[in-house]
Every structure is written in structure tokens, then in C-alpha cells.
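Report on the structure
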Amino acid sequence: MTVDLVGLRQLVEKVVQGLGSHTHRELDELCPQLGLPPLPAEGSKSKRLDACLADLQEESLAGVTQRLLGSDRVFLGRADRVALEDALWAARPVVEIPGRVRRDLARSVDILTLVYRPDRFMRLLEQWWVLEEPFEAFMGPSPNGLRALIDQHVFRNPGDWSTEELFEQLGAFEAGHARFGRFLEGLVAPATVPDVPTQDRIVEAINALLGQAGARLVQTDLRDGYPYFQLVHTGSGLGRSPKNLIFASSTKPDIRFRSAVDNDIEVLQGLDQVLYYDRPIGPEGVRWCDLQQWWQDATGTTDVEAAKMALYNRLLACLPDEKDSPQVHLFRLYHHIHGPHVRHLPALLPEVWLHWDHKTVKKRGVEALLRHRMDFLMLLPGGRRLVLEVDGRHHYADGKAYADTVSGDRDLKLRGYEVFRFGSTELSDPDRARPLLQGFFADLFDRYDVDIPSAPQT
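Residues numbered from 1 in each chain as written. Predicted model: local features only at pLDDT ≥ 70, side-chain atom pairs only at ≥ 80, totals over all residues. Heavy atoms only, no water.

**Comments concerning the pairing of strand β8 (residues 373-379)**
The buried fraction of β8 amounts to 6 of the 7 residues, a majority that puts the element mostly inside the structure. The pairing of strand β7 (residues 349-353) with β8 spans 4 bridges and is classified as antiparallel. Following the sheet pairing, Leu349 is matched in β8 by Leu377. In this structure, β8 lies alongside strand β9 (residues 385-391), joined through 4 bridges in antiparallel fashion. Bridge pairing in β9 places Leu379 opposite Arg385. Remark: 5 residues form the turn of the hairpin made by β8 and β9, two consecutive strands paired antiparallel; Gly382 in that turn has positive phi of roughly 80°. (Buried < 20%, exposed > 50% of the residue type's maximum accessible area, 1.4 Å probe, protein only. Helix = DSSP H or I, 4+ residues; strand = E, 2+ residues; numbered from the N terminus. Pairing = 2+ DSSP bridges.)

Laid out in C-alpha cells, this is it:
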């Protein structure tokens, strides 16, 4: 993912040059808050801001943009705000919804279903789209402006416009993927549609077509009785949110269905043999803090530090017995590299069960599900599933083992997982492995927009 730095700089310069309405003293306070270079001591406001912008480095543009968007001391016209947001989001991972799929979606959902409450629906449109021309911000709404047209053809005369016509007027078919995705999430949010059956009807209609784009709206939370949905990338897989996480076991878990109808399973072994994370997985994925809170509740531990160390040691214990195994180095270094920040980073889940069959491979024969476990799994924001595998020499020296590895990777990718492989020799020496993993995780979190806290968290 890359940013159009030239375009972003032009947008930032336009907004910063508009700060001339502030006094010199206010500018001296405001510019550092926005992450801008220091202002020269002398000169007119215009010249001081021009000099400040001349010193603004490319690597600081994204941070300044984020601060401009979040500042209550910077006036941003709606069009400027949308342009800045789109430029910033362009550098982040995004679920791409092609124009043809967008148009099919619009044709599949009746506008009368979308507009459950006109006031709530209008707030959603105001949040994501430009509904007025710049002059309207100062002179008032135009009777021929988009806001007035929506009021006339969507609210006061239902049926005048179809959903497709509304999307056309909003510019939704040509909008950036990030904006369109957030708009879809807003269409089914409780703030827009405070009615669960209506939410479900809209989600069902949208998901029937999102599969063409390798995407899906999945429920990630339930608050006050209302489901919350997030757009996630599924590849060509099934597009379902995780339901069961069975991990940290080096032996086959003892599982039974408590309710086959509801897909409720029960793990009959203790926490010393297998771990079963049975909580809903929200939009942030599974972070170490989520896992630690689950562990504290499962073990009845109230001492936070004791719980943290007990969970760490329990996960470490399920890895290969060798004290200096590559998997052990990978797990330890992940926590050592990030230190206290790891609490709010994705949990590195070891020995995660992908398949489970009550029959052995010998009994099942050619229909057996191979590759039962993943070395490590990370569930990231946005529904991303990342698998980290550590390969020994046998993965490549044995032709059949290599073929099984390639086949397994292909199966995982079709199910919506992304697979990253390390050779065991890369991780055999922790001193040499540390800079490798430090760079890998930095690039990984940057690619998937995972925020690393700027200060230690407790």
C-alpha cells in the first residue's frame, strides 16, 4: 500500500495555509499540536506557514493528516475532510468492492428498507458523503443542492429514487474502496437501523452479492441487544467469522458436541492440556489483553501480573520440547521485541487446531483431513487471519512432505488465511533471528494497519 504523497501534500498545504485566520500566538501553539515543523519567528502569517510547509517532510505527512482530521481547532470543509480521509486510507489495507458489484448491491436492496428512520439515515449520509457545495457552508443550503434533492426524492416522496439512483448521486460507485466499505457498515449499524430483523434483511441482501468480491459483512459484536457488523476480506473462502479457537495442545483434543444444532462444543480436557477461547471475536481480532482477560476469568486469577506470566508460560509449554526450538524462539522474541506494547497487539496463538476428526487417519483413509494444526495463528483487525509456519528440513527434503505443504497452503488461502513461512535455520539463533523478526512484524503491522502504542501500557 502506498500513499500519493504529491496529492496528499497538496491537500495538507491547502488546509494549513487556511490556518491564517488564527493569530500568531495561536499558530505557535497549534502547529506543534498538528505535528508541523516549527514556525519561523518573524514574518507575516502567510510567510511563516509557507516556511513551515517547506520544512514538512514526506514521512510526516500521514501523521499531520491524522491530526488535522482529529483537531477541533482546524476548520475543514466537508470536501476537504473527505479528500484527506481518502488520501490517508489509501495507504491502508482495504476490502475492494468493484463498481459492478456495488451497482448490483444497490439494485438488490430496496431504498425503503434502507431508510428505516430518515433522521438517522441522513446522519449516515452526512458522515460519509459531500452533500453540499462549499458556498453552502456559509450561505445556507441550496434548494437545488444534493441535500434538498435527497429530502425531496428519498424522504418526502418515497420511491422517487431507487437505491441505485441515490448511490449514483452520492458518488458511491466511484468512491474509494475504504469509504464505500465504511458506508456499507454504516447502512447496517444500529445507529442507522435500530431494528434487528431489518438489519438482518439488509445484511443478507448485501452478502448475497459481496461473495463476488471475496468479502462479507460479519457480526463482530453484540451490544444492547443489537448486532454490529464489519466488512471483512474472505478471499474465495467461506467468509465466516471464527467460532471456536482450540489451541495450545500438542495432543488431539477430547471434544464433544454439547448441542449439535447450535454448534456448541465442549472440550473435556483441563487448561493444562488444551485451551479453548470461546468468546466473540470483535473488530480488533484477538489481542493479548483479550486472551489474558479470558485466562483470568477461566482460572479465577485476580492478580494481573501473575495471570500474564502464567498464560505466557502455559503457551510456551505447548511448543516443541526442545529448549531452543525455532518455534520457542519465535514466540519469545515476539514478546521480547514488543515488550509492554504486546498487550494491545494481536496474540500469537500457538498450536491452533484447524481440523478435527474423531477417526484416525488410518481409519479415515484417503478422505482424512490432513494438516490438523497451525504452528501459530494471529487474528488481526478487519477479519484478517495470518498463519505463521516454521519449516524444518524435512519440509523440503522429502518430496511428499513438500507437496503436502504446498497443498495445505493452497487450502488455507482458499479459506481466507494468509500464510507466512520461516525456515527453521532462520530462527535457530535468537540473536540473528531478532532483527529479522523485528523487521517482519514492523512491516506486517504497518501493512495491516495495526497500531503499536507509542507509550508502554500497563
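**Quick look at helix α16 (residues 326-338)**
In a regular helix each residue adds 1.5 Å, so 13 residues correspond to 18 Å; α16 covers 18 Å between its end C-alpha atoms and thus fits that length. Within the span of α16, buried status applies to Pro326, Gln327, Val328, His329, Leu330, Phe331, Leu333, Tyr334, His335, Ile337 and His338. Packed against the buried residues of α16 are α14 (288-299), α15 (304-317), β8, β9 and α20 (430-447). (Expected span 1.5 Å × (residues − 1). Contact = heavy atoms within 4.5 Å.)

**Re empty space enclosed by the protein**
Taking a probe equal in size to a water molecule and rolling it over the atoms shows the remaining empty space. Inspection of the entire model under this criterion finds 2 cavities of 30 Å³ or more. Size it by volume and the largest cavity reaches roughly 40 Å³. Together, Leu105, Ala106, Val109, Leu114, Thr163, Phe167, Leu184, Leu187 and Ile206 line the largest cavity. Split by residue class, the lining of the largest cavity holds 8 nonpolar, 1 polar and no charged. (1 Å grid on protein atoms, 1.4 Å probe; cavity = no way out; pocket = protein on both sides within 12 Å on 5 of 7 lines; lining within 4 Å. Points joined across faces, edges and corners; volume = space filled by probe spheres on them. Nonpolar A, V, L, I, M, F, W, Y, C, P; charged D, E, K, R; others polar.)

**Notes on the side chain of Glu266**
Relative to the assigned elements, Glu266 resides in strand β5 (residues 264-267). Judged by relative accessible area, Glu266 falls into the buried class, the value being 18%. The contact partners of Glu266, leaving out residues within four places of it in the chain, are Asp254, Ile255, Arg256 and Arg258.

**Observations concerning the sheet that holds β9**
Strands in a sheet are paired, the pairing made by backbone hydrogen bonds, and the direction either parallel or antiparallel. Ordered in space as β7-β8-β9-β10, the 4 strands form an open sheet in which the pairing is mixed. The open sheet has two free edges, formed respectively by β7 and β10 (417-423), since each of these has just one partner strand. Each strand axis lies, on average, 40° off the axis of its neighbour in the sheet, ignoring direction. Contacts from α16 reach β8 and β9 within the one sheet, and its direction differs from that of β8 by about 15°. Seen against the sheet, α20 touches β8, β9 and β10 and runs at an angle of roughly 170° to β10. (Axes fitted to C-alpha atoms, helices over the stretch in contact; angles between N-to-C directions.)

**Comments concerning the nonpolar core**
Core analysis: the biggest nonpolar cluster contains 55 residues, and Leu245, Phe247, Leu291, Leu315, Met378, Phe441 and Leu444 have the highest contact counts within it. In contact with Phe441, not counting residues within four places along its chain, are Leu330, Tyr334, His338, Met378 and Leu388. Judged by nonpolar contacts, the second largest core, of 45 residues, contains Phe173, Ala178, Leu209 and Phe229. (Core = buried A, V, L, I, M, F, W, Y, C linked by side-chain atoms within 4.5 Å.)

Fair warning: the whole summary comes from geometry, so function is off the table for now.
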